[in-house]
Amino acid sequence: MAVASSSDAAILALGVVLAAAYLFRDSIFSSSSPKAVPVAPSKLTNGHGNPRDFIAKMKEGNKRLIIFYGSQTGTAEEYAIRIAKEAKTKFGLTSLVCDPEEYDFENLDQVPEDSCVIFVMATYGEGEPTDNAVQLMENLADASFEFSNGQHRLEGLKYVVFSLGNRTYEHFNAIGRQVDTELTKMGAVRIGERGEGDDDKSMEEDYLEWKDGLWAAFAEAMGVEEGQGGDTPDFTVTELESHPPEKVYLGELSARALTKTKGIHDAKNPYPSPVKIARELFEVGGDRNCVHVELDIESSGITYQHGDHVGVWPINSDVEVDRLLCALGLYEKKDTVINVDSLDPALAKVPFPVPSTYVTVLRHYIDISAVAGRQILGALAKSAPSPEADAFLRNLTSNKEEYAAVVAHGCLKLGEVLQLAAANDISVYPTPQNTTAWAIPFDMIISSIPRLQPRYYSISSSPKLHPTSVHVTAVVLKYESIANKLAAPRLVYGVGSNFLLNIKHATNGETASNATGNSENVSLPVYAIEGPRGSHKVEDIYKIPVHVRRSTFRLPTNPKTPVIMVGPGTGVAPFRGFVQERVALARRTIEKNGPDALADWGQVSLFYGCRKSTEDFLYRDEWPQYTAELKGKFMMHCAFSREPPYKPDGSKIYVQDLIWDDRKNIADAILTGKGYVYICGDAKAMSKAVEEVLARILGEAKGGSEADGAAEIKLMKERSRLMLDVWS
C-alpha cells in the first residue's frame, strides 16, 4: 500500500478545517450576543386565529359570559340561549354560547376575573354526558389534566350550573352535579344555587323558579345592575318580493336536500327513506294504534346495528299550522318568501335554513305543537289585540298555579292560548274569520319557539336479517287533557307517532274514520306528508326523513353468555332486533357446524307484557318462528295484565311478577353464567319495579339482603352487564 507524502497530508488537513468552518459558520462568525431561539407555542399563548380558542373569541367580541351546553336533543342548547338572552336584556351583557365539542379547555383558567362561565348540562342515558360534552367532562374529572397554569386548578373562576334531567332515572342530573363538584374541588366559585330541571314534572317551571334567585346573586357577584340592557330582537325578518323559487326552502332540512346533491346522511342531512311497509300491530278496530314501519335505506350509505335508534323528522299538523297562521294574521300571506337574519350570530343563530316562507317555518321548522311556555306568554302580552287578552296572558305569566291548571294540564299549544285569550273557540277548525289576529312580530315567534326536533325510536330489526331496511315500532300517542274552567277535555295527539300513522294510512290507501281535514270540527290531525315540493311522494311510495343515532345497547358478542331482556309494550322493539341478531348467527353456525351447534349457547329470555294476547301482543306471530330457529335457546315469558290468570288477590300480573317467578333461573344466569340484563320501556314505574325485584332475587341468592342485591345491580351497571333504554 502506498504511503502519503507530507504535502498530501497538509492538503487533507486544510480541507477538513474548511469543511468544519462551513458547517459551524453560524457559531464561529456570529456576534457575541446570543441568537434568539424560536419558542414553540405554549399553553399560555393561544393564537387568535385558533378556532378552538374561546378566550380569544371572548376578548374579540367583548363578551363577559361564556355558556357551554351539553345537549343531546337540543333542549339544553335552548336553555343556554335563553340564559344568554336574559343576561343581555337584564344587564346588557353579551355572551358566547358554545358547543363544548368545538373548543379546547386548556385555557379555562384564563377566563378574566370580571367574567363568568355558565354550564347548561343535560344528563344522558345512565348518568352519562351528552355526546358533545364527553371531552369537557373528561378534562374536568381528570386530575392529571393541566390548564395553562400547569395545574389542575381553577382558583376563583366564577361559574353557574343549570342541569337538565328526569327524576324517574336513577342518575338524576348526574352530569350537572358532577360539573359543580369538580369545579368546586378545583377552587372555582359558584354563583347562586345549582339549578336542577326535572323533565318528569316541568323543566320550564324549575328553570323559572331557579333563574330569579340566580340573577340576584349574579348581579352581586358580577357587580352589575338590572336595567342596563334592553328588550332587543334576536332576528330581523324581511319579506322578499322576488327570489328564485328553486332557492327557497320549503321544508328541506339541508342544502343538499334542496339542491338534490349527494352527501353523507346524518342528523344535519337526513335521508328521505322510502316506506317499504307500514302496518297496524294492534287489533284492527280498537281505540289504540301501534304502527310498524319499514324504511328502505338501500343505496343511502346509512348503516346500523341492533340496539341503535332511528331519528324520524316529523312535521306539524295542518290544524296547528293554520291555527297559528290565523292567530298571527298571516294566513293570507302564508306563502310569502321571507329571509331571517340574526342580529347577534354568537348569541342566536337562525335555527332553520333560509330563505323560506311563513307556512314552511310553522309546518317544518319550529315546534308549534309543544305546550306553550309561561315565559313566552309574558313576552307576547304586549302584542295583545285587546286589554282583556293582555290581562289574560299576564295573569298566566304571573300566576303559575293558573298557568298549570289552564295551560300545562290543558296541554294548550301557543296558537290555542292566543285563541282563548281572544275569546275564540278552539274546538272548531281555525280560520281567519273565527280567529282574532295578534300583531306579534314574527321574529318573536322564531325566538320564542324551539326548533322542531326528530323523534327517536329504538330500531326493531337487525341488519343481519334486514341489511337494507330499518324497522320502527311506534305506539301512537293520544290522550285526553285535563278539563279546566276555560277548556273542556279534548284529545291531545303526539306529533311524531301521529305523523307515522298518517303515513301508514296513505301507504295502504286507508281513510282514518274521523280525520276531517278542513271541516268544522277539529279531530284527528292531518299532515302534509307529500313533503316539500311533493318530493316525499313518488307515485304511491311515501318517504320519511330519517337518520341513525348510535347506541351502546348491544348484545354480548359471545352467544354462550345468557341474556335476560325485559321489554313490555313497545319496549320490546330493540329486543326484536336482538333476537333477529341471534337468529342470523344461529343460521350461520348451524350451516357451518351442524344441527347441534347451538348446544352450548346461553339461554335468551324475553319478559314481555301487554294488556291482552288478542289485542296488543306485538309481533305475536313471529316469536314462535324465532323460538324454533334458536333450537330452544330462546324463551318468551308473557304477562297479560287485562286477562286471566290474575294474582290470588285479583290484582294484575306484570313483567316483574314473571321475573320473580323465574328467580332461580335468573339468579343462576346472572351469578353463575355472568349473564347480561337489558331493560327497555317505561322509566317511571316498570324499570324501577324490575330493578327492585332483581335486587331481591340476587340478594336472596347470595344469602344476604336486598341491599346486597342492590350492590350487585350497581356493579352490573358499572360493568355494562345491566343496560337500560328507558323513557318517561
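Structure shown above.
Below: a short report on this structure.

Rules behind the numbers
Residues numbered from 1 in each chain as written. Predicted model: local features only at pLDDT ≥ 70, side-chain atom pairs only at ≥ 80, totals over all residues. Heavy atoms only, no water. Buried < 20%, exposed > 50% of the residue type's maximum accessible area, 1.4 Å probe, protein only. Helix = DSSP H or I, 4+ residues; strand = E, 2+ residues; numbered from the N terminus. Pairing = 2+ DSSP bridges. Axes fitted to C-alpha atoms, helices over the stretch in contact; angles between N-to-C directions. Salt bridge = Lys/Arg side-chain N within 4 Å of Asp/Glu carboxyl O. Core = buried A, V, L, I, M, F, W, Y, C linked by side-chain atoms within 4.5 Å. Contact = heavy atoms within 4.5 Å. Arc of directions from axis to C-beta. Polar contact = N/O pair within 3.5 Å; in protein donor to acceptor, adjacent residues only side chain to side chain.

A short note on the pairing of strand β3 (residues 116-124)
Move 1: Taken across its 9 residues, β3 has 8 buried, putting it largely inside the fold.
Move 2: Alignment of strand β1 (residues 65-70) against β3, held across 6 bridges, turns out to be parallel. Bridging across to β3, F68 finds its partner in F119.
Move 3: Direction of pairing for β3 relative to strand β5 (residues 158-165): parallel, over a ladder of 6 bridges. Paired with M121 across the two strands is S163, which belongs to β5.

Thoughts on the sheet that holds strand β24 (residues 722-727)
Move 1: Taken in spatial order, the 5 strands make up an open sheet running β22-β21-β20-β23-β24, and their pairing is parallel. In the strand order of this sheet, the two ends are held by β22 (634-640) and β24, each with one partner. Pairwise comparison of adjacent strand axes, ignoring direction, gives a mean angle of 10° for this sheet.
Move 2: The pairing of strand β21 (residues 604-610) with β22 spans 7 bridges and is classified as parallel. Each bridged residue has a counterpart across the sheet, and for Y608 the counterpart in β22 is C638.

Observations concerning the pattern of salt bridges
Move 1: Applying the stated criterion across every chain yields a total of 44 salt bridges.
Move 2: A salt bridge links R323 to E416; the shortest N-O distance between them is 3.9 Å. In this pair, R323 is assigned in helix α9 (residues 318-327) and E416 in helix α14 (residues 414-421), connecting sequence segments 93 residues apart.
Move 3: With a shortest N-O distance of 2.8 Å, E581 and K464 are connected by a salt bridge. Here E581 is found in helix α17 (residues 573-593), whereas its partner K464 is found in the loop between β14 (455-458) and β15 (469-475), with 117 residues between them in sequence.
Move 4: A cluster of three or more residues bridged by salt bridges with shared partners is formed by R177, D180, R190, E193, R194 and E196.

Considerations on the nonpolar core
Move 1: One finds V120, F218, L393 and F442 to be the most contacted residues of the largest nonpolar core, which totals 81 residues.
Move 2: Tallying contributions element by element places helix α7 (residues 203-222) first for this core, with 9 residues.
Move 3: Once residues lying within four places of it in the same chain are set aside, the contact partners of F442 are V237, L328, L330, I338, Y358, V361 and L362.
Move 4: In this structure, L555, V572, Y608 and Y619 belong to the second largest nonpolar core, which totals 31 residues.

So, helix α13 (residues 400-408)
Move 1: Of the residues making up α13, those classed as buried are E402, Y403, V406 and V407. For α13, the buried positions fall inside an angular range of 100° around the axis, keeping them on one side.
Move 2: On its buried face, α13 is in contact with α7, α11 (374-380), α12 (387-398) and α14.
Move 3: The N-cap of α13, judged by a side-chain oxygen 3.1 Å from the amide nitrogen of E401 a few residues on, is N399.

Regarding the sheet that holds strand β8 (residues 235-239)
What links the strands of a sheet is backbone hydrogen bonding, and the strands pair in either a parallel or an antiparallel sense.
Move 1: Taken together, 3 strands build an open sheet; the order of strands is β8-β12-β13 and the sheet is antiparallel. Each edge of the open sheet carries a strand with a single partner, namely β8 and β13 (356-357).
Move 2: Bridge count for strand β12 (residues 337-342) against β13 is 2 bridges, and the pairing is antiparallel. Opposite V337, over in β13, you have T357 as the bridge partner.

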